[in-house]
Amino acid sequence: MDKVILQKWLQAGYVYQGGLFPTSAGTPQGGILSPTLANMTLDGMETKLIERFATGKKSGKFDHNVAARNQVNLIRYADDFIITGRTKELLENEVKPLVEAFLKERGLTLSEEKTKVTHIEEGFDFLGWNIRKYDGILLTKPSKKNVKAFLGKIREVVKANDMAKQENLIGLLNPMIRGWANYHQGAVAKETFAKVVRCPLDFVFQGSMINIETGRTKSEEDTEARVHGRVQGTGSQAGPRGWGRSWCA
């Protein structure tokens, strides 16, 4: 890591509306410089792992037999990373302490909330995907957390534009849906796509759906419920009679 360049970046300030403003507290998490800084800071982690778990003691060079015995590999994107290993004990007792020491030198710590050791058959989430083996077959699917966050954004857009023309609302939703689908198109996502594709329409036409028991629209029943002070919860909870659970909730 080039510490001189890193220091200059952190102290370079920023330009807004033609004016230069100083920065004294670094860059915010999620800022445009954050991924680059993460890459610079974590650069060298893979080398440390190779030296410890894939290098012959006598030769001091990369040894395929040692690497195959430990099966320690690093996959990293900015500050998100996963490390594989042959056994849980190897990961907990040797790999994790090494990573913690590496981060400590750089003033960082592992997030206890986001860090866990799990078997591939139980799976784990990474970059919006769930990676897991099913009966020995490795499948990568959109994670439940990612799907929930995406549908939340769709719902917010629909609610914020409930008075907009249909074509305008579709114009807002299409780029979001297309971008999310393109991101997951290389994953095993057929079932998820089939379910998710119905949700935007459910959000848009929720107010005009007909209750098959009463023959009235949902908005009419919600209005009556408010008048009589018996509004029930929304989301995955059961609402007025005739409205079942919704996958989109």
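What counts, and where the lines are drawn
Residues numbered from 1 in each chain as written. Predicted model: local features only at pLDDT ≥ 70, side-chain atom pairs only at ≥ 80, totals over all residues. Heavy atoms only, no water. Helix = DSSP H or I, 4+ residues; strand = E, 2+ residues; numbered from the N terminus. Buried < 20%, exposed > 50% of the residue type's maximum accessible area, 1.4 Å probe, protein only. Contact = heavy atoms within 4.5 Å. Areas by Shrake-Rupley, 256 points an atom, 1.4 Å probe, with all protein chains shown as cover. Pairing = 2+ DSSP bridges. Salt bridge = Lys/Arg side-chain N within 4 Å of Asp/Glu carboxyl O. Axes fitted to C-alpha atoms, helices over the stretch in contact; angles between N-to-C directions. Patch = residues over 30% accessible without salt bridge, like charges linked within 9 Å, V, L, I, M, F, W, Y side chains within 5 Å. Lys, Arg positive; Asp, Glu negative; His and termini not counted. Charge placed at Lys NZ, Arg CZ, Asp CG, Glu CD. Parallel < 35°, antiparallel > 145°, perpendicular 65-115°, else oblique. Left-handed = near helix turned anticlockwise from the far one by under 90°. Nonpolar A, V, L, I, M, F, W, Y, C, P; charged D, E, K, R; others polar.

Novice: I would appreciate a short explanation of the overall build of the protein chain in the present structure.
Specialist: Broken down by element type, the protein chain carries 10 helices and seven strands. Looking at the 249 residues of the protein chain, the share that counts as buried comes to 25%. Counting only contacts in the protein chain whose residues sit at least 6 apart along the sequence, the fraction spanning at least 24 positions is 44%. Put simply, the protein chain shows about 17900 Å² of open surface, and 53% of that area lies on carbon and sulfur atoms.

Novice: Even after reading the chapter, I still don't get the pairing of strand β6 (residues 129-134), so can you show me in this structure?
Specialist: As paired elements, strand β5 (residues 124-126) and β6 share three bridges and run antiparallel to each other. Bridge pairing in β6 links phenylalanine 124 to isoleucine 131. Taking the residues that link successive antiparallel strands as the turn, the β5-β6 hairpin has two residues, and the phi of leucine 127 there is positive, at about 55°. Looking at chain direction, β6 and strand β7 (residues 137-142) are connected through six bridges and run antiparallel. Bridge assignment links arginine 132 to a residue of β7, and that residue is leucine 139. Once β6 ends, the chain turns through two residues before running back antiparallel as β7, passing aspartate 135 with a positive phi of about 55°.

Novice: I tried to follow unusual backbone geometry on my own but got confused; where do I start?
Specialist: For residues other than glycine, phi is negative in most cases, and the peptide bonds are mostly trans. If you check the backbone angles, alanine 78 has positive phi at about 55° while not being a glycine. Position of alanine 78 among the secondary structure elements: in the loop between β3 (73-77) and β4 (80-84). Positive phi, normally seen in glycine, also occurs at leucine 127, with a value near 55°.

Novice: Honestly, the pattern of salt bridges in this entry has me stumped. Any pointers?
Specialist: Note on pairing: side chains with opposite charge can pair once their charged atoms come close. For the coordinates displayed, the defined rule picks out two salt bridges. Glutamate 94 is paired through a salt bridge with arginine 52; the nearest N and O atoms lie 2.5 Å apart. In this pair, glutamate 94 sits in helix α5 (residues 88-104) while arginine 52 sits in helix α3 (residues 45-53), placing the two residues 42 residues apart along the sequence.

Novice: What is the right way to read the sheet that holds β6 from this model?
Specialist: Adjacent strands of a sheet pair through backbone hydrogen bonds, lying either parallel or antiparallel. One open sheet holds the three strands; their spatial order is β5-β6-β7, and the pairing between them is antiparallel. If you trace the sheet from one side to the other, it starts and ends with β5 and β7, each paired once. Between one strand axis and the next, the sheet turns through 30° on average, direction left out of account.

Novice: Honestly, the pairing of β4 in this entry has me stumped. Any pointers?
Specialist: Regular strands show a simple pattern: their side chains alternate between the two faces of the sheet. Judged from the five bridges that link them, β3 and β4 form a sheet pairing that is antiparallel. Within β4, the residue paired with leucine 74 across the bridge is isoleucine 83. Where β3 folds back on β4, the antiparallel hairpin that results is connected by two residues, among which alanine 78 adopts a positive phi of roughly 55°.

Novice: Which parts of the structure should I look at to understand a positive patch on the surface?
Specialist: On the surface, Arg132, Lys144, Lys195 and Arg198 cluster together into a positively charged patch. Looking at the secondary structure, you find lysine 144 in helix α6 (residues 144-160). Taking relative accessible area as the criterion, lysine 144 reaches 78% and is therefore assigned exposed.

Novice: Explain the packing of helix α1 (residues 3-10) against helix α2 (residues 34-42) here, please?
Specialist: When two helices pack together, their arrangement is captured by the angle between the axes and the distance separating the axes. Orientation of α1 relative to α2, taken along the N-to-C sense of each, is 155°, at an axis distance of 11 Å. Considered as vectors, α1 and α2 are oriented roughly antiparallel to each other. Remark: the crossing between α1 and α2 carries left-handed chirality. Where α1 abuts α2, its residues Leu6, Trp9 and Leu10 lie against Thr36, Leu37 and Met40. Looking at the contact of α1 with α2, its residues break down into five nonpolar, one polar and no charged.

Novice: Could you clarify how one ought to interpret the environment of tryptophan 180 in this entry?
Specialist: With respect to the helices, strands and loops of the structure, tryptophan 180 is situated in helix α7 (residues 166-184). What makes tryptophan 180 buried here is its relative accessible area of 10%. Between the C-alpha atoms of tryptophan 180 and phenylalanine 150, which are 30 residues apart in sequence, the distance is 7.8 Å. Not counting the four nearest positions on each side in its chain, tryptophan 180 is found in contact with Asn146, Val147, Phe150, Thr192, Phe193 and Val196.

Novice: Even after reading the chapter, I still don't get a nonpolar patch on the surface, so can you show me in this structure?
Specialist: Together, Tyr14, Tyr16 and Phe21 make up an exposed nonpolar region whose accessible area comes to about 320 Å². By the element assignment, phenylalanine 21 lies in strand β2 (residues 19-21).

Purely spatial values, then, with no claim about function.
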